[in-house]
Amino acid sequence: MSATILSWSLLVALVLLGLAMVIAAVRMLRGPRAQDRIVAFDALYVNAMLLLLVFGMRTGSTLYFEAALVIALLGFVATLALAKFLMRGEIIE
Amino acid sequence: MSHAADLPLWASLIASFLVLLGASLTLVGAIGLVRLKTFYDRIHAPSLGATWGAGGILLASILLFSVLQSRLVLHEVLIAVFVTVTTPVTLMLLGRAALYRDRSENAADLPPPIRSDGETKSGDAI
Amino acid sequence: MSRLLPYPLLAVSLLAMWLLLNGLSLGHLVLGSVIGIAASNVTAALQPPRSRIRRWHLIPRLVAIVLVDIWRSNVAVARLILFPAQHRRVSGFVIVPLELREPAALAILACILTCTPGTAWVEYDSTARKLLIHVFDLVDEAHWIDLIKNRYERLLLEILA
């Protein structure tokens, strides 16, 4: 009983998060300007990280946690570099 | 879901509620990203998913793994701290970058520069 | 003591992170302490500005206030996104004069304001000591200035000397 409730709500959460990723991707493709695309990319990787965490809860494995941590770290550095590029036109000055 | 077969009912109810709350807040944030009209409005949308959206899912994860392994599993706290520290940094930097770009293009509806000595941000050399 | 541990808070948080990632055991406790002390000594070479926490007991209050505020503004912003027709929303920029100068306190204020979905930190000028924020649902400018100054800034001024 309790496993069924949890299983279904995790499935619904996966669908919601997947939908959120699609919507963020729409904004990323539509733009219109570079900063809009970067904000959408930021939302996209946070959503991907949450999706992996829900996957981890569904399978009961903590391996997904490590993957989520790596996505969070790399996504942060990537958006930071992109934002810096917008300001200055170069990343390493 | 065989690993959760012996999960108590209260734990699965609370975890389900938290997961659904987090996922729907994240979805609302994403919808806002598409619906809102200007960039400065859109910059508010992702923080919805990064605060209580992530918070709900991480709390559910802590609860689920702690009950299943019958010890406190807290490593999700790391992601929570990391996300709350990094999201403001990226959004702040993006906001500044957008303001800088808009000012250098003399866009409409921008706030006046806040520097007191009359030297404007857009006057800075690249 | 201070030569071995120039930044005790940093060393302790590195140790906590190590234990959270690897699980609690005596071996990891020793290894994490060594890494924490070594890393905080390496950081000392960079000479980051040192800030002192004066009143520890106010920190839980600030955390509770911020969590509640983030929750409330989450609900408010979610409602505005989903039902935009309910009332005409005007967003805009607000300039807030700040008394805070401590870099650590400013960083915490920036995190608080940007994490709250209704407000976003855009620009801060340290000579004019003015802060530019963008507010999602701007009804009354004075209300937001009052909120930042009395709810967050006063507590931060008390916590960080």
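Please read these numbers as outputs of a predicted model, since none were measured by experiment.

Caption draft 1: Representation of the interface of chain B and chain A within the structure. At the interface, 53 residues of chain B touch 47 residues of chain A. Residue assignment for the side of chain B that touches chain A shows that the elements contributing at least two residues are helix 1 (9-35), helix 2 (39-42), helix 3 (46-68) and helix 4 (76-104) of chain B. The element best represented in the side of chain B that touches chain A is helix 1 of chain B, accounting for 17 residues. Among the residues making up the side of chain B that touches chain A, the classes are represented as 37 nonpolar, 13 polar and three charged.

Caption draft 2: Molecular detail of the sheet that holds strand 1 (residues 92-97) of chain C. One open sheet accounts for three strands, arranged 1-3-2 (chain C); its pairing is antiparallel. The sheet is open, and its two borders are formed by strand 1 and strand 2 (119-125) of chain C, each paired with just one other strand. In this sheet, adjacent strand axes meet at a mean angle of 25° when their direction is disregarded. On top of the sheet, helix 4 of chain B reaches strand 2 and strand 3 (130-135) of chain C; it is set at about 65° to strand 2 of chain C, its chief contact. Each of strand 1 and strand 3 of chain C is contacted by helix 5 (residues 141-159) of chain C, which is oriented at about 45° to strand 1 of chain C, the strand it contacts most.

Caption draft 3: Up close: the interface of chain C and chain B. Counting residues at the interface gives 30 residues for chain C and 30 residues for chain B. Per-element tally for the side of chain C that touches chain B: the top contributor is helix 3 (residues 59-82) of chain C, with seven residues. Each residue belonging to the side of chain C that touches chain B can be placed in one class, and the counts come to 21 nonpolar, six polar and three charged.

Caption draft 4: Geometry of the arrangement of the chains. Here the protein chains form two pairs of chains in contact, of which the pair with the most contacts is chains A and B. Between chain A and chain C there is no contact; the minimum C-alpha to C-alpha separation amounts to 9 Å.

Calculation criteria
Residues numbered from 1 in each chain as written. Chains lettered and ligands numbered in written order. Predicted model: local features only at pLDDT ≥ 70, side-chain atom pairs only at ≥ 80, totals over all residues. Contact = placed C-beta atoms within 7 Å. Helix = DSSP H or I, 4+ residues; strand = E, 2+ residues; numbered from the N terminus. Nonpolar A, V, L, I, M, F, W, Y, C, P; charged D, E, K, R; others polar. Pairing = 2+ DSSP bridges. Axes fitted to C-alpha atoms, helices over the stretch in contact; angles between N-to-C directions.

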